[in-house]
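Chain and residue survey
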Amino acid sequence: MMLTKEQIIALAQESLDESRLNNFSAIGYPKEKIWAGLDAGFAAGDDPLFAFCRRDIGDFYWSPAEAFRQIYPESRAGDSDLTVLSLCFYMAAPIKKEQNEQKDRPGLRWGYARNSWEPLIQDFSRRLTDKLSISGLRAAAVDLAPDLAWQESPKYGKAANWSQRHTAYIAGLGTFGLCDGLIGRHGKAARYTSVILETVLEPDKRPYKHYTDWCLFYQNGSCGVCRQVCPAGAIGEQGHDKDKCSAYLLKICEDFDHPALTPRRSSWCGLCQGRVPCQNGIPEGIPNDVR
Ligand code: SF4
Ligand code: SF4
């Protein structure tokens, strides 16, 4: 049976709905969801932008076929035999409301959403790839790849074998902002994953022309609100200073103390995703012909 894109998206939504981890029980809000919903985009496995990412980021960066072989090592599929599904998980409103009230530390909901991401996305990825497999479609979730790790990019410093945000850009889900975050149709308060599908599906059209089209600063020189809200001074006219940002994240990880948070499992801050015009969607003022 050949699954359609709509059927695949429905299975992804079902996997999120079934997850017992998509709530704030651990911090006392069992009825509140962390991730309000999903957005999805499909890219051709042989889209030239995947090869561009490898040239630009470093030789360690995986092609879709290499990412697929992480789960199916015997596979002989080439990039052109595959489709890359990018999934956006956007945050529920109460997390954003709480985050918007913070000044130099993230809200507890935000901290927990970030801290619980890895177990949640692995659980989601297993559910989805099992469902696809039962429906006759082999799929490799990048978040289950055994060798997924940080590497050193000659051009960008710390970078992983696979970038979820670059993949989302290629699949038509959003463009980068001044702070480096991806601005999607549901805004910047979101996280991404990718699943490589062993089938050829029609890729989604990218509505934008440039990789920063949905950021007001790059579009017309206005905004820059993310610069003002960053407590570390890590965002400037030249963009995001990863070293300053990382140093700040490390510092607040040490003193953000709550029994439900695993210290240093992951970094959290995200203040540049609060109180900004791109928090909940493509900001007002972005021209219609690129949105
Ligand atoms: S806050 Fe403004 S400048 Fe910063 S990423 Fe969003 S749109 Fe761009
Ligand atoms: S995550 Fe925090 S420290 Fe890093 S750029 Fe955003 S606001 Fe600044």
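Only a predicted model underlies this, so the values are computations on that prediction, with no experimental measurement involved. (Residues numbered from 1 in each chain as written. Chains lettered and ligands numbered in written order. Predicted model: local features only at pLDDT ≥ 70, side-chain atom pairs only at ≥ 80, totals over all residues. Heavy atoms only, no water.)

A count of helices and strands for the protein gives 10 helices and 10 strands. The C-alpha atoms of the protein give a radius of gyration of 19 Å, which matches the 19 Å a tight globule of 291 residues would have. Overall, the C-alpha framework of the protein stretches about 50 × 45 × 35 Å when taken along its three principal axes. Every one of the 291 residues in the protein was classed for burial, and the buried ones make up 54%. Taking the intrachain contacts of the protein between residues at least 6 apart in sequence as the baseline, contacts between residues at least 24 apart amount to 75%. Each charge sign in the protein was given a centre, from 35 positive and 36 negative side chains, and these centres are 4 Å apart. (Helix = DSSP H or I, 4+ residues; strand = E, 2+ residues; numbered from the N terminus. Rg over C-alpha atoms; globule rule 2.2 N^0.38 Å. Buried < 20%, exposed > 50% of the residue type's maximum accessible area, 1.4 Å probe, protein only. Contact = heavy atoms within 4.5 Å. Lys, Arg positive; Asp, Glu negative; His and termini not counted. Charge placed at Lys NZ, Arg CZ, Asp CG, Glu CD.)

With that settled, the discussion passes to the side chain of aspartate 39. Within the element layout of this structure, aspartate 39 appears in strand E1 (residues 35-44). Accessibility expressed as a relative area gives 12% for aspartate 39, which makes it buried. In this structure the side chain of aspartate 39 is engaged in a polar contact, spanning 2.8 Å, whose partner is the side chain of arginine 185. (Polar contact = N/O pair within 3.5 Å; in protein donor to acceptor, adjacent residues only side chain to side chain.)

A ring pair, where both rings are aromatic, is described by two values, the distance of the centres and the angle of the planes. This structure, assessed with the given rule, holds 12 aromatic pairs. Considering the side-chain rings of phenylalanine 217 and tyrosine 218, the 5.6 Å spacing of their centres and the 80° angle between planes classify their relative orientation as edge-to-face. Given a relative accessible area of 18%, phenylalanine 217 falls into the buried group. Judged by its relative accessible area of 36%, tyrosine 218 falls in the partly exposed class. (Phe/Tyr/Trp six-rings, centres within 6.5 Å; stacked < 30°, edge-to-face > 60°.)

Turning our eyes to something else, we now look at the environment of cysteine 179. Within the fold, cysteine 179 resides in the loop between strand E6 (174-176) and strand E7 (182-184). Its relative accessible area of 6% is what places cysteine 179 among the buried residues.

With nine of 10 residues buried, E1 lies mostly within the body of the structure. Here E1 pairs with strand E2 (residues 83-91) via nine bridges, running antiparallel. By the bridge assignment for E2, tryptophan 35 is matched with methionine 91. (Pairing = 2+ DSSP bridges.)

Moving on: the confidence of the model for the protein. Looking at the protein as a whole, its pLDDT mean stands at 94, while 98% of the residues score no less than 70. Reported confidences for the modelled complex are a pTM of 0.95 and an ipTM of 0.99. (pLDDT = per-residue confidence, 0-100.)

Quick look at unusual backbone geometry now. Leave glycine aside and you will find that most residues have negative phi; peptide bonds, for their part, are mostly trans. One non-glycine residue, cysteine 223, lies in positive phi territory at about 70°. Tracing the backbone through its elements, the reader meets cysteine 223 in the loop between helix H8 (216-220) and helix H9 (225-229). On the accessibility criterion, cysteine 223 (36% relative accessible area) is partly exposed. Its identity as a non-glycine residue notwithstanding, arginine 275 has a phi of 55°, on the positive side. Mapped onto the elements of the fold, arginine 275 is located in the segment after helix H10 (242-255). Residue classification places arginine 275 among the partly exposed positions, given a relative accessible area of 39%.

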